[in-house]
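Chain by chain, the residues:
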Amino acid sequence: QVQLVESGGGLVQTGDSLRLSCAASGRTFTNYHMGWFRQAPGKEREFVAGITWTRMSSYADSVKGRFTISRDNTKATVFLQMASLKPEDTAIYYCAGGQEWSSLQRGIRVNWGQGTQVTVSS
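What you see is a predicted model, and the numbers here were worked out from it, not measured in a lab.

**Student:** Any chance you could explain the overall build of the protein here in plain terms?
**Tutor:** Check the secondary structure of the protein and you find 1 helix and 11 strands. Secondary structure elements of the protein, listed N to C terminal, follow the sequence β-β-β-β-β-β-β-β-β-α-β-β. For the protein, the C-alpha radius of gyration of 13 Å lies close to 14 Å, the compact-globule estimate for 122 residues. Each of the three principal axes of the protein carries a C-alpha extent, and together these read 40 × 25 × 25 Å. Going through the 122 residues of the protein one by one, you find that 48% of them count as buried. Of the contacts made within the protein by residues no fewer than 6 positions apart, 58% connect residues no fewer than 24 positions apart. Element-wise, carbon and sulfur atoms account for 47% of the exposed surface of the protein, whose accessible area totals about 6,200 Å². Of note, the protein has its 13 positive side-chain charges centred 6 Å away from the centre of its 9 negative side-chain charges.

**Student:** Would you explain unusual backbone geometry in this entry?
**Tutor:** Negative phi values dominate among residues other than glycine, just as trans dominates among peptide bonds. In the Ramachandran plot, S84 falls in the positive-phi region, its phi being about 50 degrees despite a non-glycine side chain. Looking at the secondary structure, you find S84 in the loop between β8 (77-82) and β9 (91-98). Phi angles above zero are rare outside glycine, and R109 is one such case at about 55 degrees. Note on placement: R109 falls in the loop between α1 (101-105) and β10 (111-112).

**Student:** Can you help me understand the packing of aromatic side chains in this one?
**Tutor:** Any aromatic ring pair is given by two values, namely how distant the centres are and how the planes are angled relative to each other. Counted under the stated rule, the structure contains 3 aromatic pairs. Summarising the aromatic geometry, the rings of F37 and F47 are spaced 5.5 Å apart at their centres and angled 75 degrees between planes, so their arrangement reads as edge-to-face. You can see F37 sitting in strand β4 (residues 33-39) and its partner F47 sitting in strand β5 (residues 46-51), a full 10 residues away along the chain. Consider the rings of F37 and W112, whose centres lie 5.0 Å apart with planes at 75 degrees: the pair is edge-to-face. Taken together, the positions of F37 in strand β4 and W112 in strand β10 put the pair 75 residues apart, joining distant regions of the chain. For F37, a relative accessible area of 3% translates into the label buried. Within the aromatic cluster, the residues linked to one another by ring pairs are F37, F47, Y94 and W112. A cation over an aromatic ring shows up here: R45 above the ring of Y94, its NZ or CZ 3.9 Å from the ring centre. Just above the ring of F29 sits the side chain of R71; from NZ or CZ to the centre is 4.4 Å.

Conventions and cut-offs
Residues numbered from 1 in each chain as written. Predicted model: local features only at pLDDT ≥ 70, side-chain atom pairs only at ≥ 80, totals over all residues. Heavy atoms only, no water. Helix = DSSP H or I, 4+ residues; strand = E, 2+ residues; numbered from the N terminus. Rg over C-alpha atoms; globule rule 2.2 N^0.38 Å. Buried < 20%, exposed > 50% of the residue type's maximum accessible area, 1.4 Å probe, protein only. Contact = heavy atoms within 4.5 Å. Areas by Shrake-Rupley, 256 points an atom, 1.4 Å probe, with all protein chains shown as cover. Lys, Arg positive; Asp, Glu negative; His and termini not counted. Charge placed at Lys NZ, Arg CZ, Asp CG, Glu CD. Phe/Tyr/Trp six-rings, centres within 6.5 Å; stacked < 30°, edge-to-face > 60°. Lys NZ or Arg CZ within 6 Å of the ring centre and 35° of its normal.

And the structure:
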(Lines give C-alpha, C1' and ligand atoms only; values in the text may rest on other atoms or scores of the structure.)
Protein backbone atom coordinates (compact mmCIF):
# COMPACT_ATOMS: atom_id res chain seq x y z
CA GLN A 1 0.00 0.00 0.00
CA VAL A 2 0.95 3.60 -0.47
CA GLN A 3 0.46 6.00 2.45
CA LEU A 4 -0.89 9.45 1.60
CA VAL A 5 -0.84 12.67 3.61
CA GLU A 6 -2.63 15.79 2.38
CA SER A 7 -1.88 19.37 3.32
CA GLY A 8 -2.70 22.89 2.21
CA GLY A 9 -6.38 23.22 3.02
CA GLY A 10 -7.84 26.26 4.70
CA LEU A 11 -10.40 29.05 4.70
CA VAL A 12 -10.39 31.34 1.67
CA GLN A 13 -12.73 33.79 -0.02
CA THR A 14 -14.57 33.48 -3.29
CA GLY A 15 -12.19 34.00 -6.18
CA ASP A 16 -9.08 33.07 -4.20
CA SER A 17 -6.55 30.37 -5.07
CA LEU A 18 -5.24 27.49 -2.98
CA ARG A 19 -2.79 24.66 -3.58
CA LEU A 20 -3.21 21.25 -2.01
CA SER A 21 -0.35 18.80 -1.67
CA CYS A 22 -0.32 15.06 -1.12
CA ALA A 23 2.87 13.34 -0.07
CA ALA A 24 3.14 9.61 -0.76
CA SER A 25 5.30 7.00 0.92
CA GLY A 26 5.57 3.27 1.25
CA ARG A 27 5.53 2.17 -2.36
CA THR A 28 7.04 3.22 -5.67
CA PHE A 29 5.19 6.44 -6.44
CA THR A 30 5.61 6.14 -10.19
CA ASN A 31 3.62 2.90 -10.15
CA TYR A 32 0.53 4.80 -9.04
CA HIS A 33 -2.02 6.91 -10.78
CA MET A 34 -3.06 9.71 -8.44
CA GLY A 35 -6.24 11.63 -7.93
CA TRP A 36 -8.18 14.11 -5.84
CA PHE A 37 -11.72 13.61 -4.62
CA ARG A 38 -13.93 15.76 -2.44
CA GLN A 39 -16.89 15.31 -0.16
CA ALA A 40 -19.20 18.13 0.83
CA PRO A 41 -21.53 17.87 3.84
CA GLY A 42 -24.48 15.64 3.04
CA LYS A 43 -23.08 14.62 -0.33
CA GLU A 44 -21.23 11.64 -1.69
CA ARG A 45 -17.53 11.71 -2.36
CA GLU A 46 -16.86 12.81 -5.95
CA PHE A 47 -13.95 12.70 -8.36
CA VAL A 48 -12.23 16.05 -8.90
CA ALA A 49 -9.07 15.37 -10.89
CA GLY A 50 -6.66 12.57 -11.71
CA ILE A 51 -3.24 12.15 -13.24
CA THR A 52 -1.60 9.02 -14.63
CA TRP A 53 2.01 8.02 -14.12
CA THR A 54 2.60 9.38 -17.67
CA ARG A 55 1.00 12.67 -16.56
CA MET A 56 -2.18 12.38 -18.59
CA SER A 57 -4.85 14.24 -16.63
CA SER A 58 -8.61 14.17 -16.25
CA TYR A 59 -11.01 16.61 -14.56
CA ALA A 60 -14.57 16.80 -13.40
CA ASP A 61 -16.61 19.22 -15.50
CA SER A 62 -17.24 21.40 -12.45
CA VAL A 63 -13.54 22.23 -12.05
CA LYS A 64 -12.25 22.26 -15.64
CA GLY A 65 -10.38 25.43 -16.40
CA ARG A 66 -10.05 26.31 -12.70
CA PHE A 67 -8.14 23.39 -11.14
CA THR A 68 -4.85 21.87 -12.27
CA ILE A 69 -3.43 18.57 -11.08
CA SER A 70 0.28 17.87 -11.30
CA ARG A 71 2.82 15.48 -9.85
CA ASP A 72 6.48 15.61 -8.88
CA ASN A 73 7.79 12.08 -9.06
CA THR A 74 11.15 13.07 -7.53
CA LYS A 75 9.31 14.17 -4.38
CA ALA A 76 6.53 11.55 -4.55
CA THR A 77 3.99 14.35 -4.31
CA VAL A 78 0.84 15.26 -6.19
CA PHE A 79 -0.62 18.75 -6.22
CA LEU A 80 -3.99 20.32 -6.87
CA GLN A 81 -3.82 23.98 -7.81
CA MET A 82 -7.24 25.53 -7.35
CA ALA A 83 -8.14 28.94 -8.75
CA SER A 84 -11.31 31.04 -8.92
CA LEU A 85 -12.67 29.17 -5.94
CA LYS A 86 -16.42 29.19 -5.32
CA PRO A 87 -18.46 28.44 -2.20
CA GLU A 88 -19.60 25.20 -3.84
CA ASP A 89 -15.97 24.03 -3.81
CA THR A 90 -16.21 23.79 -0.02
CA ALA A 91 -15.51 20.19 0.98
CA ILE A 92 -13.04 17.81 2.49
CA TYR A 93 -10.50 17.02 -0.21
CA TYR A 94 -9.00 13.54 -0.31
CA CYS A 95 -5.94 12.30 -2.13
CA ALA A 96 -6.13 8.84 -3.70
CA GLY A 97 -3.61 6.52 -5.26
CA GLY A 98 -4.32 3.46 -7.37
CA GLN A 99 -2.75 1.23 -9.98
CA GLU A 100 -5.72 1.03 -12.34
CA TRP A 101 -6.70 4.27 -14.06
CA SER A 102 -10.38 3.52 -14.59
CA SER A 103 -10.73 2.31 -11.01
CA LEU A 104 -8.97 5.36 -9.64
CA GLN A 105 -11.45 7.70 -11.31
CA ARG A 106 -14.28 5.79 -9.63
CA GLY A 107 -12.54 5.71 -6.28
CA ILE A 108 -12.29 1.94 -6.36
CA ARG A 109 -9.32 -0.11 -5.16
CA VAL A 110 -7.38 2.97 -4.08
CA ASN A 111 -5.50 4.10 -1.03
CA TRP A 112 -6.88 7.22 0.65
CA GLY A 113 -5.37 10.05 2.59
CA GLN A 114 -7.02 11.43 5.70
CA GLY A 115 -8.42 14.51 3.94
CA THR A 116 -7.95 18.24 4.23
CA GLN A 117 -10.73 20.79 4.68
CA VAL A 118 -11.24 23.54 2.12
CA THR A 119 -13.78 26.22 2.97
CA VAL A 120 -14.66 29.00 0.54
CA SER A 121 -16.61 31.89 2.01
CA SER A 122 -18.89 34.07 -0.09
